[in-house]
Structures are given as C-alpha cells and as structure tokens.
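Below, each chain spelled out in residue letters.
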Amino acid sequence: MRIVIIKYNAGNVVSVTNTLNRLGVDPILSDDPEVIKSADKVIFPGVGEASTAMEYLGARRLDKLIVDLTQPFLGICLGQQLMCKHSEENDTDCLGIFDLNVLRFQPKLKVPHMGWNKLFDMKGELFQDLPEETFIYFVHSYYCEIGPETIAKSDYINEFSAALKKDNFYSIQGHPEKSGKTGQQFLANFLNL
C-alpha cells in the first residue's frame, strides 16, 4: 500500500510516520503533485498556523490538487482545520472541503486545549473497535463547528467537531499519532478503508 504524507511545512510528520511504521507501513513524505495523486491513501497532518500553511499549499498548487483527490484522505489537527472553508486564525480562507468554519476558543478555560479528552457521538468506520467515549490527545486553540459532516464530537469550553467526513475525505482534530493504542487503532482503521 502506497501512503503519502503531504509535506507543507507543518509539524508532527515524524510522529505520524513512526505510528505508521508500527502498523507496518513506510509512508512517503512529498509535496510533489504526481506523487500525491499516485497514492493509495493520503494523510494531511499538521501542527502550525493556518495562513502560512495555505500560502505554502497555494504556491505549489496543492490547494487545487487536494480538493480533486478521490482516494481516502485523512486530515489531522491543522489538516482538519484547513479542510474547512474559513479559519479565524489570521482570517484565512481554507480548502472548503467541509462547509464549516474554524473558530477560536473563547478563553473561559486555558487555551490552547491541551491534553486527553473524550470523543462521543462517534459514527463510521474510523471508530471501529474503539469504545464509545474513547479518549485521544488534543493540542489546539481553534476548533471546527459542528455540522452535518461531523462524525465525532468532543467538548472543551463548548462542543466541537472532533472528526469529520465527506465522501473520501476524513479528518480528526486530535492527534491519533500521540494517542497510544487508541490512536493506532484509528489509523489502522483508516488504512483498512
């Protein structure tokens, strides 16, 4: 199986690669459109800032490429946020795969939201063999609204979309690559799509 991780100067690629290695997969890291198009599955991880990431994608025309992909595609953390239509982070227009906005947490509690939190209302194949109200690791100051594409929720200050799905596009706000056996099962479920 040919797995490509999109390179776009957003962090956390090493952790994702290590988790995939434990699952028996040696992914390719690339920002080459032809390499990305040839993948069986694509992973779009990220820790970083929305406008800088979108500039990098736009400069390489990856913004246009990503929305036209037809293979299973998984966005992680910033990757999920960039798949939405707009982010409050530096007033950034994003990819628009999900018709949702990315909003900043209002600081009633400590921001960023960092640490383990539970998922609930989980639906679909990415959550196979995971218990209801499973916990994963989060680090984020912005969150995706809840909408018809929401397939899991979490709650910090307010409820938010912890995972999204539309056609071949999947995403998760938390970090499966930092979430032990739970995260490894989630990524295995993606690989098994």
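These notes cover the structure that comes with them. (Residues numbered from 1 in each chain as written. Predicted model: local features only at pLDDT ≥ 70, side-chain atom pairs only at ≥ 80, totals over all residues. Heavy atoms only, no water.)

Before going further, it helps to spend a moment on the pairing of strand S3 (residues 41-44). Where a strand is regular, its side chains alternate between the two sheet faces. Side chains Lys-41 and Ile-43 of S3 all project onto a buried face; the interleaved residues Val-42 and Phe-44 project onto the opposite face, where all are buried too. Summarising the sheet, strand S1 (residues 3-6) and S3 pair through 3 bridges and their orientation is parallel. Across the sheet, the residue bridging to Val-4 is Val-42, located in S3. Of the strand pairs in this sheet, S3 and strand S4 (residues 73-76) are connected by 3 bridges, and their pairing is parallel. By the bridge assignment, Val-42 is partnered in S4 with Phe-73. (Buried < 20%, exposed > 50% of the residue type's maximum accessible area, 1.4 Å probe, protein only. Helix = DSSP H or I, 4+ residues; strand = E, 2+ residues; numbered from the N terminus. Pairing = 2+ DSSP bridges.)

Right, let's talk about the packing of aromatic side chains for a bit. Given two aromatic rings, one states the distance between the centres and the angle between the planes to describe the pair. Counted according to the given criterion, the structure contains 11 aromatic pairs. Pairing Phe-105 with Tyr-156 gives two aromatic rings, centres 5.7 Å apart and planes at 80°, and the pair type is edge-to-face. Of this pair, Phe-105 sits in the loop between strand S7 (101-104) and strand S8 (113-118) while Tyr-156 sits in strand S11 (residues 150-156); the two residues are 51 residues apart in sequence, bridging distant segments of the chain. The exposure class of Tyr-156 is buried, given its relative accessible area of 16%. One aromatic cluster is present, formed by Phe-105, Phe-138, Tyr-143, Tyr-156 and Phe-160 through successive ring pairs. The ring of Tyr-56 has Arg-60 sitting right over it, with the charged end atom 3.5 Å from the ring centre. (Phe/Tyr/Trp six-rings, centres within 6.5 Å; stacked < 30°, edge-to-face > 60°. Lys NZ or Arg CZ within 6 Å of the ring centre and 35° of its normal.)

Moving on to the environment of Phe-138. In this fold, Phe-138 is placed in strand S9 (residues 135-140). Residues Phe-138 and Ser-179 lie 41 residues apart in sequence; the distance between their C-alpha atoms is 8.9 Å. Sequence-distant contacts of Phe-138, defined by excluding residues within four places in its chain, comprise His-113, Met-114, Gly-115, Asn-117, Leu-119, Ser-154, Phe-160, Ala-162, Gln-173 and Gly-174. (Contact = heavy atoms within 4.5 Å.)

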